[in-house]
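Survey of secondary and tertiary structure
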Amino acid sequence: MDEFGREGVDVKVRKLISASAVAGLLLASVPFTAASAATTEPGGQAPMTEGQQPKAANPHKQAKHAVNHTVGQLTFIGEQRIANDLKFEETLVGGLSGIDYNPRTHQWILISDDRSDNAPARFYSAKLKYDTKSFYSVELTGMTEFKQEDGTTYPNKKDYTANQQGIVPDLESIRFDPNGKSVWYTSEGDRTLNLNPFIRQATLKGKYLSSILTPKAFQIDANSGSSTQKGFRNNLALEGSSFSPDGKYYFTSMEAALYQDGEISTVDAGSYSRITKYNRSGDIIAQYAYPIDAIPAKPGQGKSADNGVSEMLAINDHQFLILERSGMQAADGNYSNYIRIYEADAAQATNVNNLDSLTAGQFTPLTKKLVLDLNTLDLPKLDNVEGITWGPKLQNRHDSLVLVSDNNFGASQVTQLLAFDVSPEKK
């Protein structure tokens, strides 16, 4: 969500570390290396032709470090912040809407949802230092620009409007491919520019490799009448993604309901978004309805509020951690965020891939249970949390979890990283 303005001046990279450090295990950084040669698949706006599958599409290959996770209780370790005016490698750091960690290389990456306005669409590599006691520091170590299929950087809206070349990005989620040296990332699309959401694969140097065709139900229906909109809602589309730990499946989550699936959440009622399960070849295996909560607080008179899925993280091949993020505008115009982490299970859920609409109610949604309400942490500020990833194992052999917030390049917001100790589920 891009609700605020932009700002930024040059500062030293050291300004990245906040004085509120609370956590301490140094995670080594390994330089990115290029993946193998690119495919020639179109840029996600047309069906793949025969033989044009995702580059790492071996259905029999499994991640060497594959492990199913288990989630009991989350214990807060600490917070680090990145300064709003930080510039790194001549780019303004902000809009961090996705984060991931590679257990093979101990590399962290963070994607920016800058629509190529401040700098070309990009992701950052980083080092995080924390342990069970404290979160000590965050250090950026690299910046990588994403490239389109023709090798150029993504245009911003102004450039696209002028020459109608390329695709304006709204990048929201990024994941290392567990089976190879590449990353997968999503874009929300833009209805005002007639651009559909997309899923793309790139080398670790940002070079385009391939893409997965998004479901037709998500796309703009050019044949529908003006009074019957279908497909994704603007700025409420492909917000989340995750690989199953073994790398066999890739999942995506829509932030909010499709037009044909009913209204988005209100203060009085919840709604449904769709989680899609793909195989390594980009085929849809299943699709599930995820029940989004009603908006947890009433906005000021005439002010805005929403609630949606800001990210997902696979626990195994049928259970996920789901980030629900709600923004509520008070009467004075200021925003408050309500962030919850749920565990969702698709084991008994109906495959709704062939349902044109979820309004009929003839399906069983994913089940969900609350894992953590972040508003109970009493943080000085809880901002627009949009990213979640597993981190390395801690000294006590528990999993760790790290969240990141998107500051929307706004002066009134912050980029915060939150680290957690994940105790296993009691049997």
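Everything numeric here is computed off the predicted structure, so don't read it as measured data.

1. What about the sheet that holds strand β17 (residues 305-314)?
Taken in spatial order, the four strands make up an open sheet running β17-β18-β19-β20, and their pairing is antiparallel. The open sheet is flanked by β17 and β20 (367-373), the only strands paired with a single partner. The mean angle between the axes of side-by-side strands here comes to 30°, regardless of whether they run parallel or antiparallel.

2. Things to note about the pattern of salt bridges
Tallied over the entire structure, the rule returns 15 salt bridges. In this structure, glutamate 311 and arginine 175 form a salt bridge, with 3.7 Å as the shortest nitrogen-oxygen distance. Residue glutamate 311 is found in strand β17, and its partner arginine 175 is found in strand β9 (residues 171-176); the two are separated by 136 residues along the sequence. One exposure class covers both glutamate 311 and arginine 175, and it is buried. A salt bridge links arginine 325 to glutamate 386; the shortest N-O distance between them is 2.8 Å. Taken as a pair, arginine 325 in strand β18 (residues 319-329) and glutamate 386 in strand β21 (residues 385-390) lie far apart in primary sequence, 61 residues in all. Exposure remark for glutamate 386: the relative accessible area of 0% places this residue in the buried category.

3. What to know about the layout of surface pockets
The computed volume of the second largest pocket comes to approximately 450 Å³. For the lining of the second largest pocket, the per-class residue count stands at five nonpolar, ten polar and five charged.

4. Some points on the packing of aromatic side chains
Under the defined criterion, the tally for this structure stands at 15 aromatic pairs. Where phenylalanine 88 meets tyrosine 124, the ring centres are 6.4 Å apart and the plane angle is 65°; that geometry is what we call edge-to-face. Residue phenylalanine 88 is found in strand β3 (residues 87-88), and its partner tyrosine 124 is found in strand β7 (residues 122-130); the two are separated by 36 residues along the sequence. This pair shows no difference in class: phenylalanine 88 is buried, exactly as tyrosine 124 is. Feature note: the residues Phe123, Phe146, Tyr154, Tyr185 and Phe198 constitute an aromatic cluster, connected by ring pairs. One cation-aromatic arrangement involves arginine 191 over phenylalanine 232; the distance from NZ or CZ to the ring centre is 5.4 Å. The ring of tyrosine 342 has lysine 368 lying over it, and the distance from NZ or CZ to the ring centre is 4.0 Å.

Rules used in this analysis
Residues numbered from 1 in each chain as written. Predicted model: local features only at pLDDT ≥ 70, side-chain atom pairs only at ≥ 80, totals over all residues. Heavy atoms only, no water. Pairing = 2+ DSSP bridges. Helix = DSSP H or I, 4+ residues; strand = E, 2+ residues; numbered from the N terminus. Axes fitted to C-alpha atoms, helices over the stretch in contact; angles between N-to-C directions. Salt bridge = Lys/Arg side-chain N within 4 Å of Asp/Glu carboxyl O. Buried < 20%, exposed > 50% of the residue type's maximum accessible area, 1.4 Å probe, protein only. 1 Å grid on protein atoms, 1.4 Å probe; cavity = no way out; pocket = protein on both sides within 12 Å on 5 of 7 lines; lining within 4 Å. Points joined across faces, edges and corners; volume = space filled by probe spheres on them. Nonpolar A, V, L, I, M, F, W, Y, C, P; charged D, E, K, R; others polar. Phe/Tyr/Trp six-rings, centres within 6.5 Å; stacked < 30°, edge-to-face > 60°. Lys NZ or Arg CZ within 6 Å of the ring centre and 35° of its normal.

Worth remembering: the numbers are spatial, not functional.
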